[in-house]
Structures are given as structure tokens and as C-alpha cells.
Amino acid sequence: VRADQNVYIKQLAACTGIDNIAEAITLLELNNWDLVAAINGVIPQENGILQSNFAGEASQASMYGPPSQSEAADAAAGGAVPPTSSSSSSSSPPSSSTSAFCPSNSSSRHIVERQPRMLNFRVEYRQRTVELVLEEGSTVGEIKQILETELAVPVSKMQLKGWKSGDVSDSTVLRSLHLPKNNSLYVLTPDIAPTASTSKHRYSAQHSGLSRCSFYMNISDLTNIPVRHQQWEGWPASASDDSMTLAVSGISYPCHHLSVCRRSSPANSQEPTEECADVHMVSDSEGDDFEDASEFGVDDSEMFGMGSSTCRKAPMMPENSENEADALLHFTAEFSSRYGETHPMFYIGSLEAASQEAFYGKARDRKLLAIYLHNDDSVLSNVFCSQMMCADSIVSYLSQNFITWAWDVTKEANKARLLTMCTRHFGSVVTQTIRTYKTDQFPLLLIVMGKRTSNEVLNVIQGNTTVDELMMRLMGAMEIFTAQQQEDIKDEDEREARETVKREQDEAYRLSLEADRKKREAQEREEAEQVRLEQMRKEQEEEKEAIRLSLEQALPPEPEEDSAEPISKLRIRTPSGEFLERRFLGSCKLQVLFDFVASKGYPFEEFKLLTTFPRRNITQLDPGSTLLEAKLFPQETLFLEAKE
């Protein structure tokens, strides 16, 4: 890095607060070492950004003015200094924004006004959404104070969730959380029931074609009172069947007054039920303000949990389905048809396969198993599915942390099949627990955690709950699971480390055995080769000895010195320096001489017999010629020499 680049790095750090040198160098390189462009890439455009030095230094100089000597010295050292002003302003308090000197090139420096970074928050609470924009220097408590004003929820009863780092305290500064520019949070208020209200509405509906089921749906949409909690007054005594139309229900024409209020439930028995609506039914010919539910493809009984057989749509799951995967596909399709595409991702497969997916992978990949049990005969099913299972926060949380498996127990055959599966996978206790729940307590959401030796049901969530309570119970189960998962991860890591060491030791031992085996085999081969060579050598020596003895025995007797026949006396020097002497008849063939030499251990094939002077190779002569013909008479000195 050159000297001027060092200055750029220091100035970029002073202007932007980037302390990582590598990050600063990367940012400058991406901008071809244009310092102002690099600063503009870090500080948002709307927060007082310098123009690039390519726009001309003259305009910058006229805009900011020349720096003082003290400021230039501080800037060269890489430090940030406050902007200069008149002498009278030195005693005024500092501004909330920060300023720093940054060079636009190697010869001039200018002041960059840096505004605090702003963060966007989208906060969801029940049916409301609040958009917030705050400085990153704000605290979590300040967000809650704003939400208290917007939502009318006390800070003490408010739980702000959705932080990626987990739960945070009210004093936590947003900057310390390293948040992105856009964030999504949600508020939980488990101690606060939905607020009640009293209102009056006037509804105009076609008198004849609208059923009471569809009418309940319309009122639920406009008053936020679920059908299962609607308590009506003003219906004629003849209106006993919810499937009948308004025309035959006996209501007054053209106007009929009805009142609806929220029925108190066991879970909210201590809360007042003040939310009421006065409904004025007007029949006229101007049209129908409320469409029949069947036109939207939604069955009345399914929307309101009504049990009338005349309003029932297709079952969530076919009865006696042979294949569990096919049954789950049908369940998912029907669920989407009734409640929309936003719902948990149901596992398509058997309960055993879902358990394997959730419990029996690596510890880091394991999840909780959520078993959703649906029952169309329960008045709670529609509300639980549409408001709980399809809530964005619940769908997101289940998708991230759970394997969700579903089953429909409306039909007895399907319920019996479920109980059999639960007995096989979770034991008779879980099966008996499911049997104890009555129809109007469904649907159920079982939270199951896999353990080393067995599976444990952490929680059974019934249909009469709220989104906040459901989320709290899911998070509680997740906390228990996370603690167990950390132990399992630790045990698995230790086990894998032990197995790795054992595998390495086994491999080293195997390699050692392999090396010893190869060494032993090589030694055995070498010894066998030596034995073979020794055996061959002995056989060759024995063969040579046998040939020598046979030649020695076949030699004619040595003649006497006073023999009357011509005698040739030969003296033969061996390669070792010894001399062989013998008398031969002059009429003896050269073959007899060769046999004599071979009988002494110098075979004709390996040695040649030479005369001293003149030098002649006797072995090249005809073995059938006599000594006299070879001029080896009366005496001659010969020597043996190994053939090449």
C-alpha cells in the first residue's frame, strides 16, 4: 500500500467508522481509490454526501472552504474533528450529527456531514401492522414506548419478538444488534385478551337467498366476532336450523332487528363480553350486499364449524386410505382449498417417516415434531385453522423449527388408524391421552420431542387458544428442545471425535499390519529364493562332480616312464597357480587331455587350454587329433584360462 493510500484508508475510517483495514481497502478498491465515492457507498445519499472529486475541486472548495492548519494536521493523522465555526460558537453544545475531514484527492480535504443510520421496522400485533423508522442509536425500550402509543398496550405487558439474536432487554441499543435496514417484528401480549368494543351496524341483504350460515360469516367479517363466539338475540322461534335461508327463518319484512355479542369462553371467563352489534336486516330490490358463501367455494359449515350435514363439504381425508402419503396429499389440498395457501408445510409421508426426519438425523439437523389432529365435527376447527394455523407468525415458526404432520380424525376408521400408529411410535400413554379428548376440544396440536431411548410429548395444545398463547407454547417447547439439542450435539461431537480417533488408530494399525505382512512376505520370498538357488547350486555341483568322476574313471591309465611307446609329458597351470602333471601316450587323442582337465574341475565348456609360446588355443583344435599331431610332444607346458 502506497503512502497516499494509507492516508485514504485513515480518512475512510475517520469518516465512516470502519475499523477493519481489510474492509476499508476492499471498499476503496471497488471504487478505484476514489475516496468520496467510497464514502458515498457507505453513507446513504439522503444524509449529506460529498460530490465526487471528478465534479471539480473548485466547486467543493467554494462550498466547504479551506481547512485550517490544525484541522489539516488532525485529518492527516486520520482523526475526526468537528467543523470549524466562528469563535463565538466554540462554547455551543455539539450537534447530534458527526463531521470528519476526508480528502477528495491527495492535495485537498473537505468536511463530510454524516447523519445517523435509519432502520425500518414492520411490527405485527394481532390484526394490526405498525411501520416504524428509528435511528440505530435508539433502544428497544424506545420502540416499545412508540408501540404503546400506537397499540394502546402497556410496555410492561408487551413482549417484542422476532430479534435474530434472541430476546433482548429494553436497554439494548439497536446498533449493537447489527440489524439490516428492514426488519420484521411481532408483539405478544399473553396477559391481555382481545379488547372488546360495542358497535352498531346496518346491513342490507337479499331477503330470500342468503342462508343463516352465510349471514354468520358476514357478521364475523365485519365485527371480528368468530362464529363460535357469536351469541344472538332476536331470532324468531322458527329459526332453529342454521342451514335454512333468511326467507324461511321467520324474520320480519322489510326490516328485522338482531343483536349479537361475544359469548364468554372458559379461557376468558373473567373478561367482560361487551362487544355487541345491532344488526338491521333490510330487504329491498337494490341488490345483495352480501354474497352467499358457496359462491366463494367455501362451505358454510366449514367456515363456522356448523355440524349440519346439509352444509358439509368433502372430508379433509378419505376414509380407509391405504397409503398414508396419498391421504396427506388429499389433506393438504383440502386444507389449502378451505383456508388458503398460507399454512404450515405438512409432511407428506407416514408418521414413522416424519419421526425419522425429525428425530434420527444428526443432532444439529433434528427438529420437533408437530402433529396436527383435525376434526370437522368440532366447532373450533374452522377458527383454529383459519386464525391460528394460517397466521403468518405461526406458519413461519413451524416451518423453521418443526416437522409438521397432520391427520384427520373425523372418521372413526381414521381415528383408530391414528391411535394404532401412536401406540407403535409413542406408546400407550399418548394413545390414551388422545382418547380422553372430546370432539369439541379438537383440533389438537401435539408437540413431540425425540429422546435417546424414547419419544416424549412435550405439549398438547387444544383448539380453544389464541395466536399469542399458541406462539408462547411453541416457543416454550422450543426452549426445552434447544437445551436437549445442545446436549445431544455435545455428546455427538464427543462421540464422533472418539470414533475419529478410533478410526485413525484402526487405520494406522491396519497399515502397520499390512506393512508387516508385506515385509514378512518379502522376507519369505527372499528366503525361498535363497533356498532355491542353493538347491540349484548343489544340484549343479553334484552334476559336475558326477561328470568329473565319470570322466576320471573313463581316463586311460597313465603310462610308465620307460614305456616303449612315445610318451608326452604335459604340465598344466591352473588359474589358482597350481600345476597339473601327467604322462600321456603320444598317440592319445586331444579329447583324452580335455577329459583329464575336466576331471580336475575345469570343464571344456568353461575353460580353454593354451600353450605358452607360441600362444595357441588347444581347445579350438580337433579333439580327435593326437598329441603328436598337435605338437604336444615330448613335453609341453600349458595353462588354463576361463572363457569369456
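Please refer to the structure placed before this passage.
Residues numbered from 1 in each chain as written. Predicted model: local features only at pLDDT ≥ 70, side-chain atom pairs only at ≥ 80, totals over all residues. Heavy atoms only, no water.

Draft legend 1. The arrangement of the pattern of salt bridges in detail. Within this structure, the stated rule accounts for 26 salt bridges. Notably, a salt bridge pairs Glu521 with Arg517, separated by 2.6 Å at the nearest N-O pair. Here Arg517 and Glu521 lie together in helix α15 (residues 467-554), a separation of four residues that amounts to about one turn. Put simply, Glu558 and Arg583 hold a salt bridge, and the shortest N to O gap is 3.8 Å. Placement of the pair is Glu558 in the loop between α15 and β15 (567-573) and Arg583 in strand β16 (residues 579-585), with a sequence separation of 25 residues. Glu558 gets classed as partly exposed once you look at its relative accessible area, which sits at 36%. Shared partners join several salt bridges into a network, and the residues in it are Arg117, Glu136 and Arg175. (Salt bridge = Lys/Arg side-chain N within 4 Å of Asp/Glu carboxyl O. Helix = DSSP H or I, 4+ residues; strand = E, 2+ residues; numbered from the N terminus. Buried < 20%, exposed > 50% of the residue type's maximum accessible area, 1.4 Å probe, protein only.)

Draft legend 2. Structural view of the side chain of Lys161. Tracing the sequence through the fold places Lys161 in strand β5 (residues 159-161). For Lys161, a relative accessible area of 10% corresponds to the buried category.

Draft legend 3. Structural view of the packing of aromatic side chains. Evaluation of the coordinates by the stated rule reveals 15 aromatic pairs. Ring centres 6.0 Å apart and planes at 5° place the aromatic pair Tyr372 and Phe384 in the stacked group. Taken together, the residues span a long stretch of sequence, with Tyr372 in strand β11 (residues 368-374) and Phe384 in helix α11 (residues 381-389) at a distance of 12 residues. Accessibility assignment for this pair places Tyr372 and Phe384 in one class, buried. Ring centres of Trp405 and Trp407 lie 5.5 Å apart, and the angle between their planes is 10°; on these two criteria the pair is classed as stacked. Comparing Trp405 with Trp407 shows no difference in burial state: the two are buried. Taken together, the ring pairs in this structure connect Phe331, Phe335, Tyr339, Phe346, Tyr372 and Phe384 into an aromatic cluster. Directly above the ring of Phe584 sits Arg582, whose terminal nitrogen or CZ lies 4.8 Å from the centroid. Cation over ring: Lys643 sits above Phe604, and NZ or CZ is 4.8 Å from the ring centre. (Phe/Tyr/Trp six-rings, centres within 6.5 Å; stacked < 30°, edge-to-face > 60°. Lys NZ or Arg CZ within 6 Å of the ring centre and 35° of its normal.)

Draft legend 4. A look at the nonpolar core. Core analysis: the largest hydrophobic core is formed by 59 residues, its most contacted members being Phe335, Leu369, Trp405, Trp407 and Leu474. Of the residues forming this core, the biggest block, seven residues, is contributed by α15. Not counting residues up to four positions away in its chain, the partners in contact with Leu474 are Ile394, Tyr397, Leu398, Phe402, Leu445, Ile447 and Ile461. Of all hydrophobic cores here, the second largest spans 21 residues; its members include Leu580, Leu593, Phe607 and Leu638. (Core = buried A, V, L, I, M, F, W, Y, C linked by side-chain atoms within 4.5 Å. Contact = heavy atoms within 4.5 Å.)

Draft legend 5. Quick peek at unusual backbone geometry. Of the consecutive residues Phe442 and Pro443, the connecting peptide bond is found in the cis state with omega at -5°. Residue placement: Pro443 occurs in the loop between α14 (428-436) and β13 (444-450). Within the chain, Ala152 stands out as a residue other than glycine whose phi angle is a positive 60°. By the element assignment, Ala152 lies in the loop between α6 (140-151) and β5. Here the phi dihedral of Lys631 falls at roughly 60°; this positive angle occurs in a residue that is not glycine. Structurally, Lys631 is set in the loop between β17 (607-611) and β18 (635-642). Among the residues examined, Lys631 registers a relative accessible area of 63% and is labelled exposed.

Draft legend 6. Examining the pairing of β11 more closely. In terms of burial, β11 is a largely internal element, seven of the seven residues being buried. Burial of the side chains of β11 extends over both faces: Leu368, Ala370, Tyr372 and His374 are buried on one face and Leu369, Ile371 and Leu373 on the other. Of the pairings in the sheet, the one linking β11 to strand β12 (residues 402-408) comprises seven bridges and is parallel in character. Following the sheet pairing, Ala370 is matched in β12 by Thr404. Sheet analysis places β11 next to β13, joined by five bridges and oriented antiparallel. Pairing of Ala370 across the sheet is with Ile447, part of β13. (Pairing = 2+ DSSP bridges.)

Draft legend 7. Seen up close, the sheet that holds strand β6 (residues 182-188). In spatial order, the strands read β4-β3-β6-β5; together these four strands make up an open sheet with mixed pairing. Each edge of the sheet is formed by a strand with only one pairing partner; in this case those strands are β4 (128-135) and β5. Between one strand axis and the next, the sheet turns by 30° as a mean value, whatever way the strands run. With three bridges connecting them, β5 and β6 associate as antiparallel partners. Counted as the bridge partner of Gln159 is Leu188 from β6. In the packing of α6 onto the sheet, the strands contacted are β3 (118-125), β4, β5 and β6, and the crossing angle to β4 comes to about 140°. Contacting β5 and β6, α15 crosses the sheet at an angle of about 105° to β6. (Axes fitted to C-alpha atoms, helices over the stretch in contact; angles between N-to-C directions.)

Draft legend 8. Helix α16 (residues 590-599), seen in detail. Taken across its 10 residues, α16 has nine buried, putting it largely inside the fold. Taken residue by residue, α16 has Leu590, Val592, Leu593, Phe594, Asp595, Phe596, Val597, Ala598 and Ser599 as its buried positions. As for α16, its buried residues are in contact with α15, β15, β16, β17 and β18. Remark: Gly601 follows α16 within two positions and exhibits a positive phi of approximately 100°.

Draft legend 9. Structural context of the pairing of β15. Here β15 pairs with β16 via seven bridges, running antiparallel. Note that in β16 the partner of Ile572 across the bridge is Leu580. Counting the residues that bridge the hairpin from β15 to β16 gives five residues, and of these Gly577 lies at a positive phi of roughly 100°. In this sheet, β18 lies alongside β15 in parallel orientation, the contact comprising five bridges. Bridged to Arg573 within β18 is Phe639.

Draft legend 10. Representation of the packing of helix α13 (residues 412-426) against α14 in the model. Remark: α13 packs on α14, axes separated minimally by 7 Å, with the N-to-C direction vectors making an angle of 145°. Between α13 and α14, the residues in contact are Leu419, Cys422, Thr423 and Phe426 and Val430, Thr431, Ile434 and Arg435, respectively. Here the residues of the contact of α13 with α14 are counted per class, giving five nonpolar, two polar and one charged. (Nonpolar A, V, L, I, M, F, W, Y, C, P; charged D, E, K, R; others polar.)

Draft legend 11. Seen up close, the environment of Gly463. Mapped onto the secondary structure, Gly463 falls in the loop between β14 (455-461) and α15. Taking the C-alpha atoms as reference, Gly463 lies 6.0 Å from Leu444; in sequence the two are 19 residues apart. When near neighbours in sequence (up to four residues on either side) are disregarded, Gly463 contacts Leu380, Phe384, Gln441, Phe442 and Pro443.

Draft legend 12. Layout of the sheet that holds β13. On the basis of which strands lie adjacent, the open sheet formed by four strands has the order β12-β11-β13-β14 and mixed pairing. A strand with exactly one partner marks an edge of an open sheet, and here the two such strands are β12 and β14. Within the sheet, the average angular offset between the axes of one strand and its neighbour, ignoring direction, is 25°. In the packing of helix α9 (residues 324-339) onto the sheet, the strands contacted are β11 and β12, and the crossing angle to β12 comes to about 90°. Lying over the sheet, helix α10 (residues 351-359) contacts β11, β12, β13 and β14, oriented at roughly 150° with respect to β11.

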